[in-house]
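Understanding the architecture of this molecule
Here are the chains, one letter per residue:
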Amino acid sequence: MVPFFRAEADGLMLSVRAIPKASRNAVQGAMETPDGLALKIAVTAPPDKGKANIAVTELLAKSFGVSKSSVTLVAGQTDRRKILRIAGDPAALSLIAQQWINL
């Protein structure tokens, strides 16, 4: 099983599947997609004018204990499939990401 994240020299790259208009904001764990594993993230915000993207980045920042500016949307601005970069210590960030593999 290939993880949904990849450690880099100065951070972590995450493959995310966003679920907008959910009943609550939550990181729901790894899920299988046609493109491989992705981290399933539910947000209450609608996919309107980037509101869901903002909610996803804010939830990830809170979950990883980093500032909002440390989370960058790399790809998937208008898609449910997204690639995000989290700046910080890759070893510490990887430990946090691993907790969601078996949810």
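A brief structural summary. (Residues numbered from 1 in each chain as written. Predicted model: local features only at pLDDT ≥ 70, side-chain atom pairs only at ≥ 80, totals over all residues. Heavy atoms only, no water.)

Observations regarding the nonpolar core
The line we're drawing: To qualify as a nonpolar core, a set must consist of buried Ala, Val, Leu, Ile, Met, Phe, Trp, Tyr and Cys residues joined through side-chain atoms within 4.5 Å. Summary of the burial criterion: residues with accessible area below 20% of their type's maximum are buried, those above 50% are exposed, and those between are partly exposed, where the area comes from a 1.4 Å probe applied to protein chains only. Here a helix means four or more residues in a row that DSSP labels H or I, a strand means two or more in a row labelled E, and each is numbered from the N terminus.
Among the nonpolar cores identified, the biggest contains 26 residues, and Phe4, Leu14, Leu60 and Phe64 are the most heavily contacted of them. Secondary-structure elements contributing two or more residues to this core are β2 (11–19), β3 (26–33), β4 (36–42), α1 (51–64), β6 (81–87) and α2 (90–98). The biggest single contributor to this core is α1, with 7 residues.

Observations regarding the pairing of strand β1 (residues 5–8)
Let me state the cut-off plainly: Following DSSP output, two strands are said to pair if at least two bridges run between them.
Note: β1 against β2, 4 bridges, orientation antiparallel. The residue of β2 that forms the bridge with Glu8 is Gly11. If you look at the hairpin formed by β1 and β2, you'll find 2 residues sitting between the two strands.

Here we look at the pairing of β2
Note that β2 and β6 share 7 bridges and pair antiparallel. Bridging from a neighbouring strand, Gly11 pairs with Ala87 of β6. In this sheet, β4 lies alongside β2 in parallel orientation, the contact comprising 4 bridges. By the bridge assignment for β4, Val16 is matched with Leu39.

A look at the environment of Val66
Rules: Whether two residues are in contact is decided by their heavy atoms, any of which lying within 4.5 Å being enough.
Along the chain, the position of Val66 falls in the loop between α1 and β5 (71–75). Each C-alpha atom of the pair Val66 and Thr33 lies 27 Å from the other, and the pair is 33 residues apart in sequence. The residues contacting Val66, other than those within four sequence positions of it, are Ala61, Val71, Ile86, Ala87 and Leu93.

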